[in-house]
Amino acid sequence: MTGANGAGRYAPSPSGDLHIGNLRTALLAWCFARASGRRFLMRVEDLDRARDAGAAARQLDDLSRIGLDWDGEAVLQSELGRGHDAAIDRLAEAGLVYECTCTRADILAAPSAPHAPPGAYPGTCRDRSEAERARERERIAPRRPALRLRVPTGVAAPEFDDRIRGRVVGEIDDFVLRRGDGTVAYNLAVVVDDAAMGIDQVVRGDDLVTSTPRHIVLQRLLGLPSPPDVEFAHVPLVLGSSGARLAKRDGAVTLADLRSAGASAEEVLAVLAQSLDLAAPGERVHPQLLVERFDPGALPRSAWVWPGLENAATS
C-alpha cells in the first residue's frame, strides 16, 4: 500500500531532548510522508530503561515548534506490549525462539562463524538440550535468559532497495527478541508496531541500515508487510565538527539550546532545509513549501557536519 492508504512515521526514544540531527531526520520523515500523500504518525519508543521523565513531551513540543504535525495522537510503545508478546509466542510455537545466556563479553570472546560480521552471534546457545538450558538458567540466576530468534536454516539475508542508499545487501544472525530483564528488543518491537500502525514507509538514520535485514526477516516470518510493500529510506546522519556523530559535546545542539542562544524555531527550520538543499542560504521557509520542493532523488547522500549556530546562520 502506498500514498493515502499508507503512513510514514517518526519514532523518537525519550532519553533526552532531540538534537539538530534528530530534528533533521524527523523533518525528512515528515517530508517523505507528506510529499507521497501518506499519513504521518508519531510513536514514542519508551521501552528502554534509560528514560528521561518529561522528555517525550519536550520532544513533541520541539517537533511542533519547527512546524511538523502528525495524524492522531502520539502512540506510546509501552502500551503495545500485547502485540510484542503475541509475536514472540507465534515465533516460539513455530520453533523459532530459544533461550540464550550469553553476555556481550561472551559473544565477543567466542569464535565467529566464517564470513560473519563483527559482533554477530556465534550460535553458542542455539542447539543446547533442555537439560543444558536448565543448567544454564540455574547458573545465571537470578538473571534470566534472553530470547533469540532461531533464523531458519537456508534463510539468506534479504536484499532491499533503499530510497537513499540504493540496493542494500545485509547480514543476519540469531538476534535477541527479548532481553534477560524482560524488555522487548528494538528489532522485534519496531517490526510489530510498524505493522500494527499501518506503516509502509520507514525513514530513519542510516546507522540503523544494518538492522533492516533482520526486520525484513521478521516481517516475513510473521506474515507482515515487507519490501516491496514497505519502503525504507536510511538518511545520512549529522556529525559534529570532530567528524563524530553529533552529541551534546558539540555545544548548542538542541532546540532549547539554540533558542537560548537567540535562534528562533523558524531559523532552525531554515538551517535544516538549507542542509537538505531545500532552501537557499538565508531564505525563510515553511514546512509546506519544503513538501512542494521535496525530491528524494535530489537529497544529499553524505553526512552533514553541523557548523554551529553562528556559522549555520551565515553560510
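Going by what an unreviewed UniProt entry lists, the chain is known as Glutamyl-Q tRNA(Asp) synthetase and is assigned to Leucobacter alluvii. UniProt, in its Sequence similarities (unreviewed entry) section for the chain, records the words "Belongs to the class-I aminoacyl-tRNA synthetase family. GluQ subfamily." Its UniProt record, at the heading Function (unreviewed entry), says of the chain: "Catalyzes the tRNA-independent activation of glutamate in presence of ATP and the subsequent transfer of glutamate onto a tRNA(Asp). Glutamate is transferred on the 2-amino-5-(4,5-dihydroxy-2-cyclopenten-1-yl) moiety of the queuosine in the wobble position of the QUC anticodon."

### Let's talk about the sheet that holds strand 4 (residues 97-100)
With antiparallel pairing, the three strands of this open sheet are ordered in space as 4-5-8. The outermost strands of the open sheet, each flanked by one partner alone, are strand 4 and strand 8 (176-178). Along the sheet, successive strands turn relative to each other by an average axial angle of 45 degrees, direction set aside.

### Overview of the packing of helix 6 (residues 186-196) against helix 7 (residues 212-221)
Viewed as axis vectors pointing N to C, helix 6 and helix 7 meet at an angle of 55 degrees, and their least axial separation amounts to 10 Å. It follows that helix 6 is oblique to helix 7 by the angle criterion. Considering how the two elements wind past one another, helix 6 and helix 7 form a crossing that is right-handed. Taking contact as the criterion, the partners of Tyr186, Asn187, Leu188, Val190 and Val191 in helix 6 are, on helix 7, Arg214, His215, Leu218 and Gln219. In terms of residue class, the contact of helix 6 with helix 7 is built from five nonpolar, three polar and one charged.

### Some points on the side chain of glutamate 45
With respect to the element layout, glutamate 45 can be found in the loop between strand 2 (39-44) and helix 2 (55-65). Within polar-contact distance, the side chain of glutamate 45 engages the side chain of arginine 43 at 2.9 Å. Look past the residues within four positions of glutamate 45 in its chain and what remains in contact with it is Ala11, Pro12, Ser13, Pro14, Gln77, Tyr186 and Val190.

What counts, and where the lines are drawn
Residues numbered from 1 in each chain as written. Predicted model: local features only at pLDDT ≥ 70, side-chain atom pairs only at ≥ 80, totals over all residues. Heavy atoms only, no water. UniProt positions renumbered as here; feature names shortened; annotations may be inferred. Pairing = 2+ DSSP bridges. Helix = DSSP H or I, 4+ residues; strand = E, 2+ residues; numbered from the N terminus. Axes fitted to C-alpha atoms, helices over the stretch in contact; angles between N-to-C directions. Parallel < 35°, antiparallel > 145°, perpendicular 65-115°, else oblique. Left-handed = near helix turned anticlockwise from the far one by under 90°. Contact = heavy atoms within 4.5 Å. Nonpolar A, V, L, I, M, F, W, Y, C, P; charged D, E, K, R; others polar. Polar contact = N/O pair within 3.5 Å; in protein donor to acceptor, adjacent residues only side chain to side chain.

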